Amino acid sequence: MAYLTSETDKRGVTTVTLNRPEQHNAIDRAFIDEFTTLLQQLNSDTRVLVIAGAGKNFCAGADINWMKASAQLSDEQNADDARALSNMLETLNSFPRPTIARVHGAALGGGTGLVCCCDIVVADETAQFGFSEVRLGILPATISPYAIQAIGPRVARRYFLTGERIDAVDAYRLRLVHDVCSTDNMNRRVEEKIEALLSGAPGAQGATKQLIADVTGKTIDDTLRQELSERLAGIRTGEEAQEGLAAFLQKRPASWT
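A. A look at the overall build of the protein. Counting its secondary structure elements, the protein contains 11 helices and 9 strands. Relative to a compact globule of 257 residues, whose C-alpha radius of gyration would be 18 Å, the protein shows 19 Å and is just as compact. By its C-alpha atoms, the protein is 60 × 45 × 35 Å across when sized along the principal axes. In the protein, of all internal contacts separated by at least 6 residues, the share reaching a separation of at least 24 is 68%. As displayed, the protein has an accessible area near 13900 Å², and 54% of this comes from carbon and sulfur atoms.

B. Region of interest: the packing of aromatic side chains. Tallying each qualifying case throughout the model produces 2 aromatic pairs. Relative to Phe-35, the ring of Phe-31 lies with its centre 5.9 Å away and its plane at 70°, an arrangement referred to as edge-to-face. Note that Phe-31 and Phe-35 are positioned in helix 1 (residues 29-41) at a spacing of 4 residues, about one turn of the helix. Judged by its relative accessible area of 0%, Phe-35 is buried.

C. Looking closely at the sheet that holds strand 8 (residues 166-167). In spatial order, the strands read 5-7-8; together these 3 strands make up an open sheet with mixed pairing. Each of the sheet's edge strands pairs with one partner strand only, and the pair in question is strand 5 (106-108) and strand 8. Bridge count between strand 7 (residues 128-130) and strand 8: 2 bridges; the pairing is antiparallel. Looking at strand 8, one finds that Gln-128 is bridged to Asp-167.

D. Inspection of a nonpolar patch on the surface at higher detail. On the surface, Ile-64, Leu-136 and Ile-138 cluster together to form a nonpolar patch covering roughly 270 Å² of accessible area. The residue Ile-64 is located in helix 2 (residues 64-69) in this model.

E. Representation of the pattern of salt bridges in the model. The full count for this structure, using the stated rule, is 20 salt bridges. Asp-222 is paired through a salt bridge with Arg-225; the nearest N and O atoms lie 2.6 Å apart. Of this pair, Asp-222 and Arg-225 both sit in helix 10 (residues 222-236), 3 residues apart, which is roughly one turn of the helix. Put simply, Arg-231 and Glu-227 hold a salt bridge, and the shortest N to O gap is 2.9 Å.

F. Molecular detail of the environment of Arg-173. By the secondary structure assignment, Arg-173 is in helix 7 (residues 168-173). Taking the C-alpha atoms as reference, Arg-173 lies 9.8 Å from Ile-151; in sequence the two are 22 residues apart.

Conventions adopted
- Residues numbered from 1 in each chain as written.
- Predicted model: local features only at pLDDT ≥ 70, side-chain atom pairs only at ≥ 80, totals over all residues.
- Heavy atoms only, no water.
- Helix = DSSP H or I, 4+ residues; strand = E, 2+ residues; numbered from the N terminus.
- Rg over C-alpha atoms; globule rule 2.2 N^0.38 Å.
- Contact = heavy atoms within 4.5 Å.
- Areas by Shrake-Rupley, 256 points an atom, 1.4 Å probe, with all protein chains shown as cover.
- Phe/Tyr/Trp six-rings, centres within 6.5 Å; stacked < 30°, edge-to-face > 60°.
- Buried < 20%, exposed > 50% of the residue type's maximum accessible area, 1.4 Å probe, protein only.
- Pairing = 2+ DSSP bridges.
- Patch = residues over 30% accessible without salt bridge, like charges linked within 9 Å, V, L, I, M, F, W, Y side chains within 5 Å.
- Salt bridge = Lys/Arg side-chain N within 4 Å of Asp/Glu carboxyl O.

Listed below in structure tokens is the structure:
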């Protein structure tokens, strides 16, 4: 049985659904490998990627049986599992197209990590998040860079150390979630985000994601300003930019919409 399903509509919106509902879409090595491979195989036909979960929960974190079995593995095998998890998260985090996490129910541990790797997060009123690793005697190690980038080190100190659950409203307040809605309104809210993203040029969106990654944490000095000026100058003469400017002046939709 596949751990994931994937469907792309005629607009180029690809919905990847975590599909282990009986296990609350928990993460194990097979899940990691399948998800990483799927992300790597998605081609330029994908304009927007939506991550959703089947069943009652988005993703309950690491599969407990998989974690327990790690005691029987060698140090190298455990290191290989950890690297694979880290690679999966980075593959999602650096995905070249806009990504949306559609979250309901529990998104714990690695599930929260997946959320932190997405560009936009829409959660319904049932959503709960948490960095529950310390309650199992482990660390939120591989998800920590993405989580700290999302909520900041000060907030991370509290929730990494306590493992407390974070409801949807608090997740919004902490900037872990961008939009909270009722379960009935989830489809509409996600569709609003999709429509907004489809109005943007796909190449420019990919370059913008890279721009955010490159600029975050950098000192604003002459070197950075020169580099960014060169990026802007280079993209203005590109095909997408010229099409976007022409569409604006001619009061027509751009070719990518």
